[in-house]
Amino acid sequence: MQIAFFVSLNVLAHLCFIGSRMTTSLFALQLGASAFTVGLLMASFALLPMLLSVSAGRLIDRTGPRRPILFSLGTLVLGSALPFALPHVATLYVSSTLLGTAFMFMHVAMNSVIGALGRPEERPVNFSWLALGFSTSGSFGPLIAGYAIDGLGHARAFGLLALFPLLGFALLWASKRPVPRPEHAAAGAVGGHVFDLLKIPGLRRTFVVSGLLAMGWDLYAFLMPIYGARLGLAAATIGVIMATFAAATFAVRLALPLVVRNLRHWQVITAALSISGASYLLFPLVTRVPLLMALSFTLGIGLGCAQPMIMALLFNSAPPGRQGEVIGVRTFMLNASHTFIPAASGTVWALVGMAPVFWAIAACLLAGGWYAHKRASRG
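### What to know about the overall build of the protein
When its secondary structure is counted, the protein shows 16 helices and 0 strands. Taking 2.2 N^0.38 as the reference for a compact globule, 379 residues should give roughly 21 Å; the C-alpha atoms of the protein span a radius of gyration of 19 Å, in line with that estimate. The C-alpha extent of the protein, read off along each of the three principal axes, is 55 × 50 × 35 Å. Considering only contacts within the protein whose residues lie at least 6 apart along the sequence, 86% involve residues at least 24 apart. Just so you have it, the protein exposes about 14600 Å², and 70% of that area is on carbon and sulfur atoms.

Given below as structure tokens:
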């Protein structure tokens with residue numbers, strides 16, 4: 001029941017966040033923004049979170065996750081309400097910064113909570129439940145946003161999305177249950193420089209593959225709405241395609257408890273990188289909706305199966321009392337990807353077209369698959 005409650009809070013926050021990212025892209029295009037401007041807006045979701053994520057992890061190690069989660073949910077409400085009240089491109093920059101910062105706190109805090117709920121051998125399954133929650137909200141977020149845009153307009157779609165974190169805030173505020181935290185974090189006495197974490201081989205290797213997979217997620221989230229709009233697809237159709245990706249992540253994570261019992265962590269990560277790289281090779285060659293859905297589903301299987309393994313590896317390798325900080329370092333890497341990949345991709349797309357962007361990330365993911373295979377072959 002504890003896992004279900006906190007996963008539900010995360011779902012409500014992520015519904016708002018993922019729906020707002022898609023709505024921001026399409027609203028900006030509807031307001032006349034260029035692909036480069038859309039890239040900057042997507043980067044705005046991650047610039048401040050990138051700078052604050054390690055500090056957020058240390059704060060959560062010291063104080064516990066309850067107040068950061070409440071802060072996150074309240075700020076998500078504010079960030080979604082702003083474009084509803086002031087529908088301008090300039091407002092979208094403020095909104096995207098607030099939404100990104102709020103969800104960064106939610107992400108770090110919630111991973112800390114889930115990691116604290118189980119023994120090391122139980123964490124892959126526990127993180128799989130959290131990942132299933134992400135897949136659920138990732139499936140419904142684009143659908144809700146797409147149909148809300150088509151039925152209500154872009155500004156009112158933002159207003160609708162604000163209701164989800166508002167419900168989450170009310171549920172946690174009314175709840176008297178304690179919020180779990182890692183056992184050793186309560187002392188708050190563990191110090192050390194963040195670069196010390198990179199000297200730990202297990203953490204360093206996991207950070208590398210985590211960064212590559214983050215690039216794969218970000219490129220899809222950024223390019224798919226623009227690519228679909230360029231093909232002349234309706235917002236609802238784009239939402240269905242992106243929901244297919246999320247549905248695949250849900251399906252593969254549903255099978256993860258069985259997978260964990262039969263495959264080692266690094267074998268799963270090797271498969272994830274290889275499938276994702278192969279999918280990106282084919283994307284520029286596809287323009288029809290059924291094929292886009294099929295490729296999105298395949299990509300979702302590849303990218304979706306690795307996250308619980310990565311989080312379990314990170315949490316198990318983290319020094320006592322620095323679990324939140326380790327999650328913060330990973331979140332820094334994720335937000336660095338969120339910041340630079342959309343902006344760089346928008347620039348490259350404007351200069352040389354779409355295909356090189358897809359093929360460049362395919363090459364990176366396939367190289368990462370070879371790196372992970374070498375690690376898996378060592379046992």
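### Section: the nonpolar core
Among the nonpolar cores identified, the biggest contains 103 residues, and Tyr-220, Ile-269, Tyr-280 and Phe-283 are the most heavily contacted of them. Ranked by the residues each element gives to this core, the list is headed by helix H1 (residues 2-30), at 13 residues. In contact with Tyr-220, not counting residues within four places along its chain, are Pro-225, Ile-241, Met-242, Phe-245, Tyr-280, Phe-283, Ser-296 and Leu-299.

### Description of the state of the cysteines
All chains considered together, the criterion is met by 0 disulfides. Take Cys-364: it sits in no disulfide, and the sulfur closest to it among the cysteines is that of Cys-305, at 19 Å.

### Thoughts on the pattern of salt bridges
Applying the stated criterion across every chain, the model contains 1 salt bridge. Here Arg-58 and Glu-325 are joined by a salt bridge, their closest N and O atoms 2.9 Å apart. Here Glu-325 lies in helix H15 (residues 323-352) and Arg-58 lies in helix H3 (residues 47-63), a separation of 267 residues in the sequence. Overall, Arg-58 belongs to the partly exposed group, its relative accessible area being 31%. The class of Glu-325 is buried, set by a relative accessible area of 4%.

### Details of a nonpolar patch on the surface
The grouping of Leu-281, Leu-282, Leu-285, Trp-359 and Leu-366 at the surface amounts to a nonpolar patch, some 470 Å² of accessible area in total. Contributions of two or more residues to the nonpolar patch are made by helix H12 (265-282) and helix H16 (355-377). Here Leu-281 lies in helix H12. A relative accessible area of 39% means that Leu-281 is categorised as partly exposed.

### Let's talk about the packing of H1 against helix H8 (residues 163-174)
Packing of H1 against H8 leaves a shortest axis separation of 7 Å and a crossing angle of 155°. Relative to H8, H1 is oriented roughly antiparallel. Judged by the twist between their axes, the crossing of H1 over H8 is left-handed. Of H8, the residues touching H1 (which contributes Phe-5, Leu-9, Leu-12, Leu-15 and Cys-16) are Phe-164, Pro-165, Leu-167, Gly-168, Leu-171 and Leu-172. Here the contact of H1 with H8 is composed, by residue class, of 10 nonpolar, 1 polar and no charged.

### With respect to the packing of H1 against helix H9 (residues 201-230)
Two elements in contact, H1 and H9, have axes whose closest approach is 10 Å; the angle formed by their N-to-C orientations is 35°. In this structure, H1 meets H9 at a crossing whose hand is right-handed. Along the contact surface, H1 presents Arg-21, Ser-25, Leu-26 and Leu-29, while H9 presents Asp-218, Ala-221, Pro-225 and Ala-229. Classifying every residue of the contact of H1 with H9 by side-chain character gives 5 nonpolar, 1 polar and 2 charged.

### Describing the confidence of the model for the protein
Mean pLDDT over the protein: 84, with 94% of residues reaching 70 or higher. When pLDDT is averaged over each element of the protein, H8 comes out on top at 94 and helix H11 (residues 256-262) at the bottom at 71.

Basis of the calculations
- Residues numbered from 1 in each chain as written.
- Predicted model: local features only at pLDDT ≥ 70, side-chain atom pairs only at ≥ 80, totals over all residues.
- Heavy atoms only, no water.
- Helix = DSSP H or I, 4+ residues; strand = E, 2+ residues; numbered from the N terminus.
- Rg over C-alpha atoms; globule rule 2.2 N^0.38 Å.
- Contact = heavy atoms within 4.5 Å.
- Areas by Shrake-Rupley, 256 points an atom, 1.4 Å probe, with all protein chains shown as cover.
- Core = buried A, V, L, I, M, F, W, Y, C linked by side-chain atoms within 4.5 Å.
- Buried < 20%, exposed > 50% of the residue type's maximum accessible area, 1.4 Å probe, protein only.
- Disulfide = S-S within 2.5 Å.
- Salt bridge = Lys/Arg side-chain N within 4 Å of Asp/Glu carboxyl O.
- Patch = residues over 30% accessible without salt bridge, like charges linked within 9 Å, V, L, I, M, F, W, Y side chains within 5 Å.
- Axes fitted to C-alpha atoms, helices over the stretch in contact; angles between N-to-C directions.
- Parallel < 35°, antiparallel > 145°, perpendicular 65-115°, else oblique.
- Left-handed = near helix turned anticlockwise from the far one by under 90°.
- Nonpolar A, V, L, I, M, F, W, Y, C, P; charged D, E, K, R; others polar.
- pLDDT = per-residue confidence, 0-100.

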